[in-house]
Amino acid sequence: MRRLLLPALLACLLAACATPLAFREGKALMDAGQYEAGLEKLAQVVAAEPDHATYRAEYLKRRDAAFEQLLKTADSARGAGRLDEAEAALKRALAIGADTGRAQAALDAIARERRHVELLQRAQSSLKRGDREGAAVMVRAVLIENPQQREAQNLQRRIDEERQKEGMASPVLRSRLAKPVTVQFREAPIRQVFDALARSTGINFIFDREVRPDLRTTIYAANVPVEDAIDLILLPSQLEKKVLSETSVLVYPNTPAKQREYQDLVIKTFYLANADVKQALNMIKTMLKTRDVYIDEKLNLLVMRDTPEAIRLAEKLIAAQDLAEPEVVLEVAVMEISRTRLTELGVKWPETVSLSVVDPSGAAPLLLGELRDINRDTIAVSPNPSVTVNARRSRGDSNLLANPRIRVKNREKARILVGDRLPVISAIVTPSTGTPITTETVTYLDVGLKLEVEPNVHLDDEVAIKVGLEVSTASNRRTTQNGTTVYDIGTRTANTVLRLRNGETQVLMGLIRDDDRRTASGVPGLGDLPLLGRLFASHLDDTQKTEVVLSITPRVVRNVARAEVAVSEFWSGTEATLRAQPIALRPAQRDASADSVAGPEAAQAPVDMRLRWTGPERARAGAEVEVDLHASVQQPVTSASLQFAFDPNALEVVGVSEGELLKAGTGRTNFSFKIDPAGGKVLVSIVRAGAPIEGEGPLLKVKIRPRAPAEKAVLQVTLASPVGRGGQRLTATADAALALAVTGAP
């Protein structure tokens, strides 16, 4: 029996020791982030001892903490866009089982977000292909489920901007193949002139009823663009035009009443980031004579209503003014070098001795008869005579350094104070019938090193600085009879104006104070003896010298960039009419099919932009191929409108993208295109911000997919309208069309 009892007792002891060990192992695993293994170990401990309250409470506490930590990790990963990591953390939390509802809801949200990402990717692809409405449908589907989805909001904003641009774009007059015309009329009825233009260019002219039918004009213009020919006919006749479509023009009298009736007005909102809205308002009213302008000083907002030409001019004016103010960091080092030398040597004898008679009887006052008894015992000496030997020398050197770095806006003052603020108590006594009333006020006096700087940053990164330096010291504090506390103030000041280059250091020095005090005291006569005089005199030599040195270094943080020529100088029309370009004849590219009176040398006129197609000559039906529209730009181009046509029965345009010429340089390109599959046309719009388009290279890359076999599927440029700096219209020509031989699919 004893043999069986001993093993059983040992087994109980081992089991009792194993449970705490497993408990500690489970907590260690939890601390290491191995939540599943740790909870499993703790669950085994709880199952082994179900009545142990501490084990059960620790298990539940650890399980809830692990669940919350996993949810937190998932939220962080989801916010950073790491959906796979967030999903893995949520699945671990779901396996723990503390609150499966929250974990499952988060997993559903991730699945929904994955679906949103896929929809947005498809929407972006559709937008690139020109299917704006299809992209808008997919974006709306995302925003319905999650209105705060940032990428969807940005894409919706982009779609709205494109719609707005398309809706706000004014129609541009286009004649047949943009060919030049020759107009020669003498005292001809103006309606007859426009009738001839309509037959040759295909443009429809609509006349207001107040255009006089007897109005006549004389014009001789050869080989000019159609738009210039129309302007030359209208201007001398006091007429104005409104382009209704690419092939329709309304002609009306240029009178204020008709301008108000036919001229379209645009409302434009400008959010100013740097310029003062009041100054912008003053500039708009002064330069453009705009009357309908509203400003909101709280939002720094300006809203104006005017013609499209005035709005375009206002955009350039505000772009030249709304620039960040220059800022500069001033590295200042101020040193006060002080040197003290003091020497005191000699014997100091008593300066005064008083003798007085002492009455032995102690009676007072002393009688005259008692003076007969005066002797050495009745005479008192005061104070007690003493002799002091002085032998002292002290030397002191000190450097006080202040090295602040301050950032200052252009033409703003900055102040630096390194020192103390001393209280000055002023007492005011007010008389009254009883006790006078005393009122005390405390003001503070700045004492120490005070520095004021005001920088003016120039465009060449040079900085003009107004410097005001003051070094003051306070001494000899005393109080007046009425209780006012005053100080003696010693001051050294310097004011100057510097102009330094960026990073240049200037040292200002010479503010020196040199005090030399020599004092001697001794016995008259004996103190003046040579050599022996030192025994009867004391000499004090005190020398103090201080110098203030200022070092200042400007470092330009931000400066105003010189405005581009397109923003700083541009045409604004006449005193009566605002125009983005002057009234002038521009050279026109001759068309081989156009009748012209110009000589053969006109065909050799220079061209600002020459276009030609490059790509394969053969392709299979159903297989995508890429062709390039190569451009040779002779004059800087800031914007351009292009249109090319294709056979919709033989070809399908899949997409249009920017070529290497648009990606080159430092400018930003706003690129958009619209594909008309049924009409077989593609319209491309290019707007360049910053550096213009220059040089030679692929302008566009066009992906096409042949539909059916064809001997010659043609791709040709039908319109090219480049614009240069200052809104100047440039000339363009296109070489032969691209002919693609399409073979059947293998």
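Here the structure is a predicted model, which means the values were calculated and not measured.

The helix and strand inventory of the protein chain stands at 14 helices and 30 strands. Counting the 746 residues in the protein chain, one finds 35% classified as buried. Taking contacts inside the protein chain between residues at least 6 apart in sequence as the whole, the part at least 24 apart equals 70%. For the protein chain, the computed accessible surface area is about 44800 Å², with 51% contributed by carbon and sulfur atoms.

Taken as a whole, this structure holds five aromatic pairs when the rule is applied. Look at Phe-194 and Phe-205: their rings are 4.7 Å apart centre to centre, the planes differ by 50 degrees, and that puts the pair in the tilted class. With a gap of 11 residues between them, Phe-194 in helix α8 (residues 190–201) and Phe-205 in strand β2 (residues 204–207) connect regions that are remote in the sequence. Side by side, Phe-194 and Phe-205 carry an identical accessibility label, which is buried.

Once that is clear, we can look at the packing of helix α5 (residues 100–129) against helix α6 (residues 132–145). When two helices pack together, their arrangement is captured by the angle between the axes and the distance separating the axes. Taken N-terminus to C-terminus, the directions of α5 and α6 make an angle of 160 degrees; their axes are 8 Å apart at the nearest point. With respect to α6, the element α5 is oriented roughly antiparallel. The chirality of how α5 crosses α6 is left-handed. Where α5 abuts α6, its residues Arg-112, Arg-115, His-116, Leu-119, Leu-120, Arg-122, Ala-123, Ser-126 and Leu-127 lie against Arg-132, Ala-135, Met-138, Val-139, Val-142 and Glu-145. Across the contact of α5 with α6, the residue classes tally to eight nonpolar, two polar and five charged.

What follows concerns the nonpolar core. Ranked by internal contacts, the top residues of the largest apolar core, which has 40 residues, are Trp-613, Phe-644, Val-656, Val-684, Ile-686, Leu-699 and Leu-700. Per-element accounting of this core gives the leading share, six residues, to strand β22 (residues 625–637). In contact with Ile-686, not counting residues within four places along its chain, are Thr-638, Ser-639, Ala-640, Leu-642, Leu-662, Thr-669, Asn-670, Phe-671, Ile-693, Leu-699 and Leu-700. The next biggest cluster of nonpolar side chains, apart from the first, holds 26 residues, and it includes Phe-23, Tyr-55, Leu-70 and Leu-90.

Rules and cut-offs
Residues numbered from 1 in each chain as written. Predicted model: local features only at pLDDT ≥ 70, side-chain atom pairs only at ≥ 80, totals over all residues. Heavy atoms only, no water. Helix = DSSP H or I, 4+ residues; strand = E, 2+ residues; numbered from the N terminus. Buried < 20%, exposed > 50% of the residue type's maximum accessible area, 1.4 Å probe, protein only. Contact = heavy atoms within 4.5 Å. Areas by Shrake-Rupley, 256 points an atom, 1.4 Å probe, with all protein chains shown as cover. Phe/Tyr/Trp six-rings, centres within 6.5 Å; stacked < 30°, edge-to-face > 60°. Axes fitted to C-alpha atoms, helices over the stretch in contact; angles between N-to-C directions. Parallel < 35°, antiparallel > 145°, perpendicular 65-115°, else oblique. Left-handed = near helix turned anticlockwise from the far one by under 90°. Nonpolar A, V, L, I, M, F, W, Y, C, P; charged D, E, K, R; others polar. Core = buried A, V, L, I, M, F, W, Y, C linked by side-chain atoms within 4.5 Å.

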